[in-house]
2 protein chains.
Amino acid sequence: MDRLPTIEDVARAAQVSRQTVSNVLNTPAIVKPATRKRVEVAIRKLAYRPHASARRLRMRKSSTIAIRLDPMTNGISGALLDRFLHALTEQADDRGIRILLFTAADPAAEIEQIRKLRASGDVDAFVLTATFHGDPRTKWLVESDVPFVTFGRPWGADDMNHSTHLWVDVDGFAGMREATIHLIDRGSSRIGYVGWPSPSGTGDDRHRGWQTAVGERLALGDDDLTALNVSVEDRLEDARNAVVTLLEGDDRIDGLVCASDTLALGAMIAAASVGRSDLPIIGFDNSPVGQAIGLSSVDQTLDAVAGGALELLLGESGSDLVHRDAASGDARHRLITPHLVIRQPLRLLAPDAVSTPTATKNAVGNHRNGKETQ
Amino acid sequence: MDRLPTIEDVARAAQVSRQTVSNVLNTPAIVKPATRKRVEVAIRKLAYRPHASARRLRMRKSSTIAIRLDPMTNGISGALLDRFLHALTEQADDRGIRILLFTAADPAAEIEQIRKLRASGDVDAFVLTATFHGDPRTKWLVESDVPFVTFGRPWGADDMNHSTHLWVDVDGFAGMREATIHLIDRGSSRIGYVGWPSPSGTGDDRHRGWQTAVGERLALGDDDLTALNVSVEDRLEDARNAVVTLLEGDDRIDGLVCASDTLALGAMIAAASVGRSDLPIIGFDNSPVGQAIGLSSVDQTLDAVAGGALELLLGESGSDLVHRDAASGDARHRLITPHLVIRQPLRLLAPDAVSTPTATKNAVGNHRNGKETQ
């Protein structure tokens, strides 16, 4: 078989339950000798290695996992990886593992940093973020036999069944589909999509979620799907400008789903500025900014992502291992289903209202209309 | 003298410039022999140790600094320490230093973590955050002779001249004073303050900034200062409720300064809900949330804080050292002056407008007025 054998394969070959295999591995004394022998034969035959990378890690002593931390850029969606880092640090600490931070300007620099940290013996394994199709980092890590897990799919052919490495990702397709169906269930019948330019593994996945939902549930043709689809870089201003154009050109639009909270906030401002501050808008990431302004959003459940990454890397107790296999069907990856959070949004006044001289009725107007000092 | 001798003390004793002392330390060949001798005598006499802790660090080899990372809580002001961590990691990387993360539930647990990390030899020094008066962590670290620097003052008597340890902090007094004077200059004459309950080192410092500015520039009596001062915990809802009460009780208030962006956003929502969405409001921290909604805010200049922390801990080249002494007057701490950022805010519709049935004119109303599903 192309993938690594799982505990389920062993159970099937030995004609026992997964729990029995787990018992053989963890508490062999409680298993009948004949059964134990059958399981051990199956393990040898299939070359099953329980927690292969976990064992490798346990033999080392630094108990440290390293992850790249990027400079602060976008404070809205950019905080996602900070929240992941908090979850990872907390859950690693529960396992006696520490997190080491490093920086790198590009994939080549990251590989070099990993090589050095690995050579120093100070780091046992790595967590990589922001994977992309043809990622040179994961190729190098696999070839160099360095233990690692990625937050993000390999985005190659058949990631699910033949992944070349351990990964955790969030099912953006499912999340965006749920967000779109939520709006349809609440009465929206013409829902636009604000996303990133293709190709983008993550972006295209979320786009398909919207497309599938409106295709299944609404009578929209290909022309509609094209007209309702906006692609911009993940910047608030770009989203605002594009959504103003979209809404001015089509006043039947009665809902928007967006690939990020940055885009969603841009869309909220755009909607307010064309007198549509009541337009239902759903973002993605459930960012602190979104929470503060009452934006509905798809939550990536980063606790589950962090937990999944550590379980894949370090293994866990036998009973949990069984549960893991049952949940994902493959111990080499986890695809986490995100969670739609619905909120009552703050409603915005049209930005134009800000600069009208109505505010000059008192001294406040001087402030409001004053020159920017920053 | 109670404090460690500085390069200035040496310069004074040897009757030379600081630059000359720096030259003796770093490029002695360019200094005349007689001058060099005088400086060397002064160094010995005063027992001046250039970069004492830096030398200690350089003798070790882990090149690692550890810092506690807390669970995500408040996504608005709470992101401050994340932004500090980004700045610290980047600037540490420039110096070949790595950042190790750990967690701790309370000061005692943090001391225990530090003790273990120190014993393991994996960590050279520590950065502590959220210091408070009588902090047991800094007491223990000083007694244990562990190199560390705090982001936050000791908040004890005479921190500036006789600090028992290295610290960097942001001058909240100056920041809040600047914010208040900005509103006064733009025409506000009755400015409220939304802060945290006293005693709070950081909070009381910011409160004094407001109080000093309105005392100097506005004709407000003690009764006014009491009436205009709101104290709540750092929660959006609490701030909103308190500011609604404040504004309903005093319609002459024409500006608010707030001890955090969390409080400021609560104040913005409160102002909108009493029909005052034009009220000038300034926050503190320049958070991503504040940036997204156009909130004016006091920026803590975290790059400077991170750079200052590393310089204190690790020392720097001689010429920079001179500059450092000139700037702070004492190489044992840095008090960073924050920076007011003025923005054009998004204006909010009164939250009550959200639930009126006017939105039911189309299908959107079903969404808007629907039951929350989360």
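- In the nomenclature of an unreviewed UniProt entry, chain A is known as LacI family transcriptional regulator of Cryobacterium psychrophilum.

Some words on the pairing of strand E10 (residues 296-299) of chain B
Residue and element names in this part refer to chain B.
Logical step 1: Here E10 shows two buried faces, one formed by Ser296 and Val298 and the other by Ser297 and Asp299.
Logical step 2: Both strand E9 (residues 281-284) and E10 contribute to a ladder of 3 bridges, which runs parallel. Residue pairing across strands places Phe284 opposite Val298, the latter belonging to E10.
Logical step 3: As a crossover connection, the stretch from E9 through helix H14 (residues 288-293) into E10 is right-handed.
Logical step 4: Here 3 bridges tie E10 to strand E12 (residues 339-341), and the two strands are oriented antiparallel to one another.

Brief notes about the sheet that holds E10 of chain B
Residue and element names in this part refer to chain B.
Logical step 1: Strand order across the open sheet formed by 6 strands is E7-E6-E8-E9-E10-E12, with mixed pairing between neighbours. Looking along the sheet, the strands with just one partner apiece sit at the ends: strand E7 (229-231) and E12. With strand direction ignored, the average angle separating the axes of adjacent strands in the sheet is 20 degrees.
Logical step 2: With 3 bridges joining them, strand E6 (residues 191-195) and E7 adopt parallel strand pairing. Within E7, the position partnered with Tyr193 by the bridge is Asn229.

Description of the pattern of salt bridges
Logical step 1: Scanning the entire structure with this criterion turns up 42 salt bridges over all chains.
Logical step 2: The partner of Lys139 of chain A in a salt bridge is Glu143 of chain A, and the shortest N-O contact between them spans 3.2 Å. Note that Lys139 of chain A and Glu143 of chain A are positioned in helix H7 (residues 136-143) at a spacing of 4 residues, about one turn of the helix. A single burial state applies to Lys139 of chain A and to Glu143 of chain A, both of which are exposed.
Logical step 3: The salt bridge partner of Arg12 of chain B is Asp9 of chain B, with a shortest N-O separation of 3.3 Å. Of the two residues, Arg12 of chain B and Asp9 of chain B are both situated in helix H1 (residues 7-14); the distance of 3 residues between them amounts to about one turn of the helix.
Logical step 4: Here Asp9 of chain B falls in the buried class, since its relative accessible area comes to 6%.

A few points about the packing of helix H1 (residues 7-14) of chain A against helix H3 (residues 33-46) of chain A
When two helices pack together, their arrangement is given by the angle between the helix axes and by the axis-to-axis distance.
All names here are of chain A.
Logical step 1: Contact pair H1 / H3: the axes reach a minimum separation of 9 Å and the direction vectors enclose 125 degrees. One element, H1, and the other, H3, form an angle in the oblique class. Every pair of crossing elements has a handedness; the one defined by H1 and H3 is right-handed. On the side of H1, the interface is formed by Asp9, Val10, Ala13 and Ala14, while H3 contributes Arg38, Val39, Ala42, Ile43 and Leu46.
Logical step 2: Its residues assigned to classes, the contact of H1 with H3 shows 7 nonpolar, no polar and 2 charged.

Considerations on unusual backbone geometry
Logical step 1: Cis geometry marks the peptide bond from Ser198 of chain A to Pro199 of chain A; its omega dihedral reads 0 degrees.
Logical step 2: Residue placement: Pro199 of chain A occurs in the loop between strand E6 (191-195) and helix H10 (201-217).
Logical step 3: One non-glycine residue with positive phi stands out, namely Ala130 of chain A, at about 55 degrees.
Logical step 4: Phi is positive for Asp145 of chain B, close to 60 degrees, though the residue is something other than glycine.

A look at the sheet that holds strand E1 (residues 64-68) of chain A
Pairing between the strands of a sheet is mediated by backbone hydrogen bonds and can be parallel or antiparallel.
Logical step 1: Taken in spatial order, the 12 strands line up as E11(A)-E5(A)-E4(A)-E3(A)-E1(A)-E2(A)-E2(B)-E1(B)-E3(B)-E4(B)-E5(B)-E11(B) in an open sheet, and their pairing is mixed. Among the strands making up the open sheet, the edge pair consists of strand E11 (333-336) of chain A together with strand E11 (333-336) of chain B. Sheet twist, expressed as the mean angle between neighbouring strand axes with direction ignored, is 20 degrees.
Logical step 2: In this structure, strand E5 (residues 166-170) of chain A lies alongside E11 of chain A, joined through 4 bridges in parallel fashion. The partner of Asp169 of chain A across the bridge, within E11 of chain A, is Leu335 of chain A.

Regarding helix H7 (residues 136-143) of chain B
All names here are of chain B.
Logical step 1: Burial in H7 covers these residues: Arg137, Thr138 and Leu141. Buried residues of H7, seen end-on, are gathered within an arc of 90 degrees and therefore sit on one face of the element. Relative to its buried face, H7 has exposed residues pointing more than 90 degrees away, namely Lys139 and Glu143.
Logical step 2: Contacts made by the buried residues of H7 are with strand E1 (64-68), helix H6 (107-120), strand E3 (125-129) and strand E4 (148-151).

Side note on the environment of Leu80 of chain B
Residues and elements named next belong to chain B.
Logical step 1: Along the chain, the position of Leu80 falls in helix H5 (residues 79-94).
Logical step 2: Residues Leu80 and Asn286 lie 206 residues apart in sequence; the distance between their C-alpha atoms is 8.6 Å.
Logical step 3: With sequence-adjacent residues up to four places away left out, Leu80 is seen in contact with Asp285, Gln300 and Leu302.

A look at the packing of helix H9 (residues 172-185) of chain A against H10 of chain A
Residues and elements named next belong to chain A.
Logical step 1: At a minimum axis separation of 7 Å, H9 and H10 run at an interaxial angle of 35 degrees. For H9 against H10, the interelement crossing comes out right-handed. Between H9 and H10, the contacting residues are Gly172, Phe173, Met176, Arg177, Thr180, Ile181, Ile184 and Asp185 on the first element and Asp205, Arg206, Arg208, Gly209, Trp210, Thr212, Ala213, Val214, Glu216 and Arg217 on the second.

Re the nonpolar core
One broad trend across soluble globular proteins is that nonpolar side chains are buried collectively.
Logical step 1: Ile281 of chain A together with Ile281 of chain B are the most contacted members of the largest nonpolar core, which totals 100 residues.
Logical step 2: Those residues in contact with Ile281 of chain A that sit more than four places away from it in its chain are Leu256, Cys258, Ala264, Ala267, Met268, Ala271, Leu295 and Ser296 of chain A.
Logical step 3: Ranked by size, the runner-up nonpolar core spans 56 residues in total, among them Leu80, Leu166 and Leu312 of chain A together with Val149 of chain B.

Some remarks on the packing of aromatic side chains
Logical step 1: With the rule as written, the count across this model stands at 4 aromatic pairs over all chains.
Logical step 2: Where Phe84 of chain B meets Phe151 of chain B, the ring centres are 4.8 Å apart and the plane angle is 45 degrees; that geometry is what we call tilted. Linking Phe84 of chain B in helix H5 with Phe151 of chain B in strand E4, this pair joins segments that are 67 residues apart in sequence. For the pair formed by Phe84 of chain B and Phe151 of chain B, the shared burial category is buried.
Logical step 3: Seen in terms of ring centroids, Tyr193 of chain B and Trp210 of chain B are 5.4 Å apart; in terms of plane orientation they differ by 25 degrees. Their pairing is stacked. With a gap of 17 residues between them, Tyr193 of chain B in strand E6 and Trp210 of chain B in helix H10 (residues 201-217) connect regions that are remote in the sequence. In terms of burial, Tyr193 of chain B and Trp210 of chain B fall into one category: buried.
Logical step 4: Stacked on the ring of Phe284 of chain A, the Lys or Arg Arg206 of chain A has its end atom at 3.7 Å from the ring centre.

Overview of the pairing of strand E2 (residues 98-102) of chain A
Residues and elements named next belong to chain A.
Logical step 1: With respect to burial, E2 is a largely interior element, 5 of its 5 residues being buried.
Logical step 2: Taking every second residue as pointing to the same face, both faces of E2 are buried, with Arg98, Leu100 and Phe102 on one and Ile99 and Leu101 on the other.
Logical step 3: In this sheet, E2 lies alongside E1 in parallel orientation, the contact comprising 5 bridges. In the sheet register, Arg68 faces E2, and the bridge partner there is Phe102.

Cut-offs applied
Residues numbered from 1 in each chain as written. Chains lettered and ligands numbered in written order. Predicted model: local features only at pLDDT ≥ 70, side-chain atom pairs only at ≥ 80, totals over all residues. Heavy atoms only, no water. Buried < 20%, exposed > 50% of the residue type's maximum accessible area, 1.4 Å probe, protein only. Helix = DSSP H or I, 4+ residues; strand = E, 2+ residues; numbered from the N terminus. Pairing = 2+ DSSP bridges. Right-handed = clockwise from strand over helix to strand, strands pointing away. Axes fitted to C-alpha atoms, helices over the stretch in contact; angles between N-to-C directions. Salt bridge = Lys/Arg side-chain N within 4 Å of Asp/Glu carboxyl O. Parallel < 35°, antiparallel > 145°, perpendicular 65-115°, else oblique. Left-handed = near helix turned anticlockwise from the far one by under 90°. Contact = heavy atoms within 4.5 Å. Nonpolar A, V, L, I, M, F, W, Y, C, P; charged D, E, K, R; others polar. Arc of directions from axis to C-beta. Core = buried A, V, L, I, M, F, W, Y, C linked by side-chain atoms within 4.5 Å. Phe/Tyr/Trp six-rings, centres within 6.5 Å; stacked < 30°, edge-to-face > 60°. Lys NZ or Arg CZ within 6 Å of the ring centre and 35° of its normal.

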